[in-house]
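# Reading the structure
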Number of protein chains: 2
Amino acid sequence: MSELEIYGYIVSQPLLSVLAFCNLSGIPYTFHEFDYLKREDLTEEYAKINPNQQVPAIIHNGYNLWESAAIIAYLADSYNIDNQWYPKDPKVRGRINAYLHWHHENIRNPITSYLRAKIYRPKYSGAPQLTTETEAPYIEKLNEFYLKLTWILTDTHYVARTAQPTIADIFAFNECASGKEIPLDFGMHPVIKAWHCEIEAIPEVKILDDAYFEAVKAF
Amino acid sequence: MSELEIYGYIVSQPLLSVLAFCNLSGIPYTFHEFDYLKREDLTEEYAKINPNQQVPAIIHNGYNLWESAAIIAYLADSYNIDNQWYPKDPKVRGRINAYLHWHHENIRNPITSYLRAKIYRPKYSGAPQLTTETEAPYIEKLNEFYLKLTWILTDTHYVARTAQPTIADIFAFNECASGKEIPLDFGMHPVIKAWHCEIEAIPEVKILDDAYFEAVKAF
């Protein structure tokens, strides 16, 4: 048992970002992989680790924490990390944090809400299939997402407007990658496509992305 | 001119949280108050300060940053702040950061999206008034908000599950206070009401809340 325990589903995009950060930073951990179909995030036992009952969460020397971006900041401080993924320079860290707060509603939400409505709810919760009318607002939000992400990447090349890729790019990449199921189409968005290929080529990112799609196949 | 310049509308809830943090932490600043009706956040000049063209943003010794929670973390590091509002203890800071990431979609969004749809869009953008049918999803999200906030406060008394109020409570309070216009009704939610009164009694919070409603009156 490591001093750091990480809980989550391999099909959780934020969990992949936490695992990638640990792997890129040399932080050892024990991964407790939940079974998505058993909804192990809804047990009373897990509510003691994350009262919000979302994944991922960690236990580090008896201290429990949730929300992936808060976990990254806590681990960086606790393990005295100062690498390109989450550097100590407060100006670069400021930009990364600004991205990670903006990420929820502007990058993650347009993709995950669409994924859930189009695939997961009809498949697992008996929700009706989307119709042209009910799908329209999701498409509209997705088009805004394409525009915003293209604009940022054209302006600065990396999502947090940093000189090198950071954990912010990995958070954004994991959402975009999972959107393959909708499917997201980067053919019409070459700036996003080039960035996506660059982040995907990071071995610590690619191996987790492959594990995600391996797990999705089994659903 | 101070070394820290803060830009925003006094009717921006996140701006109020940044100002309150500076006032509570003894950080001197110059406040550049924008005129909401002139949409000064949409000027080319402001895009150089915050490319996302949202408020608040800061310039600190030539460095520009946006996203209120990222600004708090940056200022705390830059000014070596270690008070109850954003303490250095990584375990408490972890909880505050976890709340601030969760805040966007669970506390801020249900209130601001409702406020905009019910009051601001019909008044300033010519959008139609909400009907029983179009208002229903907003009411549903608001009811979820009441449930979640009551549950957290019953469990722990403060929103970030800390022993004392922190900047997280101020972020949550500013959203709840602005919801008076919808109106939010805390009469049926005594746990929220008690917490709301406690945070409102902090003089640095109250004075900004009063300024917010003074500005709203003039609209």
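See above for the structure.
This section reports on the structure supplied with the text. (Residues numbered from 1 in each chain as written. Chains lettered and ligands numbered in written order. Predicted model: local features only at pLDDT ≥ 70, side-chain atom pairs only at ≥ 80, totals over all residues.)

### Digging into the overall build of chain A
The line we're drawing: Helical segments are the DSSP runs of H or I of at least four residues, strand segments are the runs of E of at least two, and each set is numbered from the N terminus. Our radius of gyration is a C-alpha quantity, and the globule rule it is checked against amounts to 2.2 Å times the number of residues to the power 0.38. Exposure criterion: with C-beta atoms placed from backbone coordinates, a residue whose C-beta has 20 or more other C-beta atoms within 10 Å is buried, one with 12 or fewer is exposed, and one in between is partly exposed. Contact between two residues is assigned whenever their backbone-derived C-beta positions fall within 7 Å.
The helix and strand tally for chain A stands at eight helices and four strands. Secondary structure elements of chain A, listed N to C terminal, follow the sequence β-α-β-α-β-β-α-α-α-α-α-α. Here the C-alpha atoms of chain A give a radius of gyration of 17 Å, agreeing with the 17 Å that 2.2 N^0.38 yields for 219 residues. A principal-axis box enclosing the C-alpha atoms of chain A has dimensions of 50 × 45 × 25 Å. Looking at chain A as a whole, 42% of its 219 residues qualify as buried. Considering only contacts within chain A whose residues lie at least 6 apart along the sequence, 68% involve residues at least 24 apart.

### Here's the deal with the sheet that holds strand 2 (residues 30-33) of chain B
Residue and element names in this part refer to chain B. We count it as follows: Paired strands, in this sense, are two strands between which DSSP finds at least two bridges. Angles shown run from 0 to 180 degrees and are taken between the N-to-C directions of axes, each axis being a line fitted to C-alpha atoms and, for helices, limited to the stretch in contact.
The mixed open sheet is built from four strands, whose spatial order is 2-1-3-4. With partners counted over all chains shown, the strands left at the sheet margins are strand 2 and strand 4 (63-66), one partner each. Between one strand axis and the next, the sheet turns through 20° on average, direction left out of account. Of the pairings in the sheet, the one linking strand 1 (residues 4-8) to strand 2 comprises four bridges and is parallel in character. Along strand 2, the bridge assignment pairs Ile6 with Phe31.

### Here we look at the packing of helix 4 (residues 90-124) of chain A against helix 3 (residues 68-78) of chain B
Two measures define how a pair of helices packs: the angle their axes make with one another and the distance between the axes. Applied cut-off: In these notes the angle categories are as follows: under 35 degrees is roughly parallel, over 145 is roughly antiparallel, 65 to 115 is roughly perpendicular, and the rest is oblique. By definition, turning the near helix anticlockwise from the far helix through less than a right angle yields a left-handed crossing, and turning it clockwise yields a right-handed one. Classification used: nonpolar for Ala, Val, Leu, Ile, Met, Phe, Trp, Tyr, Cys and Pro, charged for Asp, Glu, Lys and Arg, polar for all others including Gly.
Where helix 4 of chain A meets helix 3 of chain B, the axes come as close as 8 Å, and the angle between the chain directions of the two elements is 160°. Here helix 3 of chain B runs roughly antiparallel to helix 4 of chain A, going by the angle between their axes. The handedness of the crossing between helix 4 of chain A and helix 3 of chain B comes out as right-handed. On helix 3 of chain B, the residues touching Pro90, Gly94, Asn97, Ala98 and His101 of chain A of helix 4 of chain A are Ala69, Ala70, Ala73, Tyr74, Asp77 and Ser78 of chain B. Among the residues forming the contact of helix 4 of chain A with helix 3 of chain B, the class breakdown is six nonpolar, four polar and one charged.

### Quick notes on the interface of chain A and chain B
Taken together, the 22 residues of chain A in the interface contact 22 residues of chain B. The element that contributes the greatest number of residues to the side of chain A that touches chain B is helix 4 of chain A, accounting for nine residues. Partitioned by chemical class, the residues of the side of chain A that touches chain B number eleven nonpolar, six polar and five charged.

### Looking at the nonpolar core
Put simply, the rule is: To form a nonpolar core, buried Ala, Val, Leu, Ile, Met, Phe, Trp, Tyr and Cys residues must be joined through C-beta atoms within 7 Å.
In this structure, Ile72, Ile167 and Ala168 of chain A together with Ile72, Ile167 and Ala168 of chain B are the most contacted members of the largest nonpolar core, which totals 125 residues. Filtering out sequence-adjacent residues up to four positions away, Ile167 of chain A remains in contact with Ser17, Phe21, Ile72, Trp85, Tyr86 and Ile96 of chain A.

### Some remarks on the environment of Ala69 of chain B
Along the chain, Ala69 of chain B turns up in helix 3. Separated by 52 residues in sequence, Ala69 of chain B and Ser17 of chain B place their C-alpha atoms 8.8 Å apart.

### Observations concerning the relation of the copies chain A and chain B
For the record, the criterion: When the copies are superposed, the least-squares fit draws on C-alpha atoms of residues that have pLDDT of at least 70 in both.
Least-squares fitting of chain A to chain B yields an RMSD of 0.0 Å, with the transformation described by 0.0 Å of translation along the axis and a rotation of 180°. What the superposition gives is, in effect, a two-fold axis relating one chain to the other. Scanning chain A for the C-alpha nearest the rotation axis identifies His101 of chain A, at a separation of 3.1 Å. Mapped onto chain B, 100% of the interface residues of chain A again fall at the interface, so both copies present the same surface.

### Observations regarding the environment of Asp41 of chain B
All names here are of chain B. Topologically, Asp41 is positioned in the loop between strand 2 and helix 2 (44-47). Here the alpha-carbon distance between Asp41 and Tyr7, two residues 34 residues apart in the chain, equals 8.9 Å. Here Asp41 is in contact with Phe34, Tyr46, Gln53, Gln54 and Val55, once residues within four sequence places are set aside.

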